[in-house]
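Structural overview
Listed below are the residues making up each chain.
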Amino acid sequence: MSWLIPKNHPRYHSLVTREKLIKHFESGVVARAGLIAHGRGEAFDYLIGEETTEPALRAIKAAACALLLANRPVISVNGNAAALAGEWIIKLADVVNAKIEVNLFYRTKERERAIESLLKSLGAKEVLGVDERFQTTIPELMSERRRVDSRGILIADAVLVPLEDGDRTEALKRMGKTVIAIDLNPLSRTARAASITIVDNIVRAMPKLVEEASRLKQMPRDELRLMLSSYDNNAVLSEALEHMVNRLKKLAGEVLRAQSK
Ligand code: ATP
Ligand code: MG
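Below, the structure is looked at part by part. (Residues numbered from 1 in each chain as written. Chains lettered and ligands numbered in written order. Predicted model: local features only at pLDDT ≥ 70, side-chain atom pairs only at ≥ 80, totals over all residues. Heavy atoms only, no water.)

This part covers the pattern of salt bridges. Evaluated as defined, the whole model comprises 19 salt bridges. Among the salt bridges present, the one from R107 reaches E112, with a minimum N-O distance of 2.7 Å. By relative accessible area, which is 22% here, R107 ends up partly exposed. On the basis of relative accessible area, E112 is assigned to the buried category, the value being 2%. A salt bridge links R189 to D165; the shortest N-O distance between them is 3.7 Å. In this pair, R189 sits in helix α7 (residues 189-193) while D165 sits in the loop between β5 (158-162) and α6 (166-174), placing the two residues 24 residues apart along the sequence. Of the residues examined, D165 reaches a relative accessible area of 19% and is grouped as buried. Bridged by salt links that share partners, the residues R107, K109, E112 and E132 form one connected network. (Salt bridge = Lys/Arg side-chain N within 4 Å of Asp/Glu carboxyl O. Buried < 20%, exposed > 50% of the residue type's maximum accessible area, 1.4 Å probe, protein only. Helix = DSSP H or I, 4+ residues; strand = E, 2+ residues; numbered from the N terminus.)

Here it is in structure tokens:
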């Protein structure tokens, strides 16, 4: 349907992203609630100004360092992440040598398989989280979301969780893992609980994360450690909110001036 959206439409990118989600909803990759979760993300993106901010770039750099330094990095994938950034997830896994694990909030066997086959069609060689034989549970959580792969998230030291739920993020953190979140809402429990929070749209953040990881891969590990140790996630979250406040103040002034003309 995206051919119907004129390129000069002010919400062009946002509308193309919606079409992508709808297409993958119809193919069983995206959950119904995933469409709603995206709407919450969009609202924050509107406030941010639909661009990658300076604090988000700092978080992306720290995330690249953490993934490169990890011994067992894992990228956790849900329906929205697979639909919106599948190809970038595979590229990132390749660059930082991470495993890819399907991990769902609204878990059904069909959706797991649909996500696995989407990722495989995009070039993923191995997708964890689907084979029942390796499924185990993390003690920290109730419900279906406890399920993890014994070869993946269970033994990971760093986990990238794009568009994750707060409970799971907190549980992974309590298990001592470095948790890297991508979340447009700097106030969500995920954003607050993660070790590194990239407050940006997954569609913009993932290509930048791949680029940064490829660049930093050439650097000595000691330098990566130094960069990571100077990273302050609370400062980044606070600056993300300040960015929105300042932008809204500027817009409020513009609205006022337009009315008095
Ligand atoms: P939490 O459980 O962390 O408190 P929540 O309950 O408000 O968050 P969920 O539905 O659990 O929200 O998770 C969806 C999160 O994903 C939201 O915080 C939303 O801002 C974010 N999100 C949705 N779409 C995108 C996107 N395209 N890029 C980045 N973040 C997104
Ligand atoms: Mg939630």
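Here the focus is the pairing of strand β1 (residues 73-77). Along any regular strand, the residues point their side chains to alternate faces of the sheet. Most of β1 sits out of view: five of its five residues are buried. Residues of β1 alternate between two faces, with P73, I75 and V77 on one and V74 and S76 on the opposite face, all of them buried. Both β1 and β5 contribute to a ladder of three bridges, which runs parallel. Directly across from P73, in β5, lies its bridge partner A158. Examined bridge by bridge, β1 and strand β2 (residues 99-102) share four bridges and lie parallel to one another. Counted as the bridge partner of I75 is I100 from β2. In this fold, the crossover linking β1 to β2 by way of helix α4 (residues 79-96) has right-handed handedness. (Pairing = 2+ DSSP bridges. Right-handed = clockwise from strand over helix to strand, strands pointing away.)

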